[in-house]
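# What the coordinates show
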There are 2 protein chains.
Amino acid sequence: MAGTANKKQSRIQTENRSLILTAALNVFSTDGYRGATLERIAERAGMSKTNVLYYFPSKEEIYHTALEQTVEGWLEPFSEISAQGDPVEELRRYISLKLQMSAEQPEASRLFANEVQRGAPLMLDFLKTRLKSLVDEKAAVIREWIDQGKLAPVDPYHLIFMIWATTQHYADFDTQIVAILGDQSKQKGFQEQTAHAVLSIILNGIRPR
Amino acid sequence: MAGTANKKQSRIQTENRSLILTAALNVFSTDGYRGATLERIAERAGMSKTNVLYYFPSKEEIYHTALEQTVEGWLEPFSEISAQGDPVEELRRYISLKLQMSAEQPEASRLFANEVQRGAPLMLDFLKTRLKSLVDEKAAVIREWIDQGKLAPVDPYHLIFMIWATTQHYADFDTQIVAILGDQSKQKGFQEQTAHAVLSIILNGIRPR
DNA sequence: TAAAAACTTGACTAGTTGGTCAAATTTAGA
DNA sequence: TCTAAATTTGACCAACTAGTCAAGTTTTTA
């Protein structure tokens, strides 16, 4: 009955699947797919390994589900960039939101990074279809803003890559940033300071002159 | 005699250790430390697993050596940013070089990214000491440029993080970029186009107004 | 040319890992 | 309250993994 799409999940199922996915996110984002073990996921979920396999048929299925959840939460903010909006405000809002997601869900970011760095075997289809078509759509929006003189003439794709790179860096390379900045990176206001710097450089970088 | 610091390495040792480290870079950058196996490294190096262990005492030692080589090649370009130079030219040169390194050595970049994403257990000391002191030094240089009105007032640390994030993104997220851009990313001139866009946005972003 | 040293590898070991099984316990529903 | 269904887990299995060993081969040195 576990995982059956049409049967309503029980209270225990809902609770335990969530525990397992949270644990899986932590273990997979640190050790990668091959390096993670069912035993580590089980320990972190606070149940036996056999119990984990009662709720998910395989290690790969756990990984796949964790990855899917990550990605679903990522498309929406990007898809909300509107051609009807003010370019600088639209991009400011998106960059701010991405930085906030990096601060709040660093493991999700690292899970994604890990998957892409190993060649994205479980996501290639998604990257080539849903993500690509959304990027193409938003690149067209940015190009139109450039054509109207609202933004400086830059390649829209590289602008999008830079926004992703910079914002996700605060999640993916968290360990390095903390090592360099020390306690400063843990203090109140660091996130705002980060946002201010990132927004300033990127938005000034694309402001028409 | 393998790995002894004071004994001169033989021709066969030099050759095979290099083969092993090249293979290791490929396997570790894809599968991570835990996910990689000695068998995979051996296969890619074109020798038996037992022979790999003849040249390196352990899997961890291979990983450590591969990582060390990566990092040594990274400090030098950064350390060459000169307080006596023109700010825009100094940063332009550094960014261009980093993009070139991403294009030429994507596996080294992914190895580093992987290590940091798993908490950098083998590099924390390096990050907190050598890297931090170099970053502090260059941040001071950038701050002086800002004080002299040569650069817009941005936080030097976040500027450095943005440069790293953006340039390393082309190596670390290579798979995603190729999925989105398709053949365009493999064409002649893509690297120049990338450099043009990245330099334009960042350098315009920090140009004094 | 011969011997010592270095190099190479298949077989092996002990521990690990993904997944299965049967049985005990708990929960839900009648 | 009782029974059926769901949940839980220790023991187990087959395959995998890091590393060892002994023996054969190749290279180096005298």
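This structure is a prediction, so every number in the text was calculated from the model and none was measured.

### A few points about the side chain of A:Thr167
Residue and element names in this part refer to chain A. Mapping threonine 167 onto the fold places it in helix H8 (residues 156–172). By relative accessible area, which is 1% here, threonine 167 ends up buried. There is a polar contact of 2.6 Å between the side chain of threonine 167 and the backbone oxygen of isoleucine 163. What threonine 167 contacts, discounting residues up to four positions off in sequence, is Ile95, Lys98, Leu99 and Ser102.

### A look at the packing of helix H5 (residues 87–104) of chain B against helix H8 (residues 156–172) of chain B
Residues and elements named next belong to chain B. It is the contact of H5 with H8, at a shortest axis distance of 7 Å, that shows an interaxial angle of 30°. Taken together, the axes of H5 and H8 are roughly parallel relative to one another. H8 is crossed by H5, and the crossing has right-handed handedness. Residue-level inspection shows Leu91, Tyr94, Ile95, Lys98, Leu99 and Ser102 of H5 in contact with H8, the latter providing Leu159, Ile163, Trp164, Thr167, Gln168, Tyr170 and Ala171. Considering only residue class, the contact of H5 with H8 consists of 9 nonpolar, 3 polar and 1 charged.

### What about the environment of A:Phe28?
Residues and elements named next belong to chain A. Relative to the assigned elements, phenylalanine 28 resides in helix H1 (residues 11–35). Take phenylalanine 28: its relative accessible area is 0%, and that puts it in the buried class. Expressed as a C-alpha distance, the spacing of phenylalanine 28 and glutamate 192, which sit 164 residues apart in the sequence, is 29 Å. Sequence-distant contacts of phenylalanine 28, that is, excluding residues within four places in its chain, are made with Tyr33, Ala36, Ile41, Lys59, Ile62, Tyr63, Leu111 and Asn114.

### Observations concerning the interface of chain A and chain B
Taken residue by residue, the interface counts 56 residues in chain A and 56 residues in chain B. Summing the contributions of chain A and of chain B, the shared interface buries around 5,100 Å²; its carbon and sulfur component is 63%. In this structure, the connection of chain A to chain B is made through 0 salt bridges. Scanning the region where chain A abuts chain B turns up 10 residue pairs in polar contact (both at pLDDT 80 or more). Among the elements that make up the side of chain A that touches chain B, the one with the highest residue count is H8(A) (12 residues).

### Remarks on helix H7 (residues 124–147) of chain A
Helix length check: H7(A) (24 residues) gives 32 Å between terminal C-alpha atoms against 34 Å at 1.5 Å per residue, within 8%. Maximum bend of H7(A): about 35°, positioned at A:Lys132. Buried within H7(A) are the following residues: A:Phe126, A:Leu127, A:Leu131, A:Leu134, A:Val135, A:Lys138, A:Ala139, A:Val141, A:Ile142, A:Trp145 and A:Ile146. For H7(A), the secondary structure elements touched by its buried residues are helix H4 (59–79), helix H5 (87–104), helix H6 (106–117) and H8 of chain A together with helix H9 (174–181) of chain B. The positive-phi residue at the C-terminal boundary of H7(A) is A:Gly149, with phi of around 75°.

### With respect to the packing of aromatic side chains
With the rule as written, the count across this model stands at 20 aromatic pairs over all chains. Aromatic pair A:Tyr54 and A:Tyr55: ring centres 5.1 Å apart, planes at 90°, arrangement edge-to-face. The exposure class of A:Tyr55 is buried, given its relative accessible area of 5%. A ring pair is formed by B:Trp74 and B:Phe112, whose centres lie 4.7 Å apart and whose planes are at 50°; its orientation type is tilted. Of the two residues, B:Trp74 is situated in helix H4 (residues 59–79) and B:Phe112 in helix H6 (residues 106–117); the sequence distance between them amounts to 38 residues. Each of the two residues, B:Trp74 as well as B:Phe112, counts as buried. Put simply, the rings of A:Phe78, A:Tyr94, A:Phe161, A:Trp164 and B:Tyr170 pair up and form one aromatic cluster. Stacked on the ring of A:Trp74, the Lys or Arg A:Lys98 has its end atom at 4.2 Å from the ring centre. Over the ring of B:Phe56 we find B:Arg17; its NZ or CZ atom is 4.2 Å from the centre of that ring.

### Some details on the domain arrangement of chain A
All names here are of chain A. By domain assignment, chain A separates into domain 1 (1–57) and domain 2 (66–206). The centre of domain 1, based on its C-alpha atoms, is set 29 Å off from the matching centre of domain 2. Each side of the interface is counted separately: domain 1 has 7 residues, and domain 2 has 9 residues. Here domain 1 and domain 2 share an interface that buries about 740 Å² over both sides, 61% of which is from carbon and sulfur atoms. When the buried area of domain 1 at its contact with domain 2 is split by residue, Leu21, Leu25 and Ser29 rank highest and sum to 60% of it. Counting across the domain 1 and domain 2 interface gives 0 salt bridges. Applying the counting rule to domain 1 against domain 2 returns 1 residue pair in polar contact (both at pLDDT 80 or more).

### Examining the pattern of salt bridges
Under the counting rule described, the total for this entry stands at 16 salt bridges over all chains. As a salt-bridge pair, A:Glu89 and A:Arg92 come within 3.5 Å of each other at their nearest N and O atoms. Of this pair, A:Glu89 and A:Arg92 both sit in helix H5, 3 residues apart, which is roughly one turn of the helix. In this structure, B:Glu115 and B:Arg118 form a salt bridge, with 2.8 Å as the shortest nitrogen-oxygen distance. For B:Arg118, a relative accessible area of 19% translates into the label buried.

Rules used in this analysis
Residues numbered from 1 in each chain as written. Chains lettered and ligands numbered in written order. Predicted model: local features only at pLDDT ≥ 70, side-chain atom pairs only at ≥ 80, totals over all residues. Heavy atoms only, no water. Helix = DSSP H or I, 4+ residues; strand = E, 2+ residues; numbered from the N terminus. Buried < 20%, exposed > 50% of the residue type's maximum accessible area, 1.4 Å probe, protein only. Polar contact = N/O pair within 3.5 Å; in protein donor to acceptor, adjacent residues only side chain to side chain. Contact = heavy atoms within 4.5 Å. Axes fitted to C-alpha atoms, helices over the stretch in contact; angles between N-to-C directions. Parallel < 35°, antiparallel > 145°, perpendicular 65-115°, else oblique. Left-handed = near helix turned anticlockwise from the far one by under 90°. Nonpolar A, V, L, I, M, F, W, Y, C, P; charged D, E, K, R; others polar. Buried area = accessible area lost by both parts, 1.4 Å probe. Salt bridge = Lys/Arg side-chain N within 4 Å of Asp/Glu carboxyl O. Expected span 1.5 Å × (residues − 1). Bend = angle between axes of the 7 residues up to and from the residue. Phe/Tyr/Trp six-rings, centres within 6.5 Å; stacked < 30°, edge-to-face > 60°. Lys NZ or Arg CZ within 6 Å of the ring centre and 35° of its normal. Domains from an automatic or database assignment.

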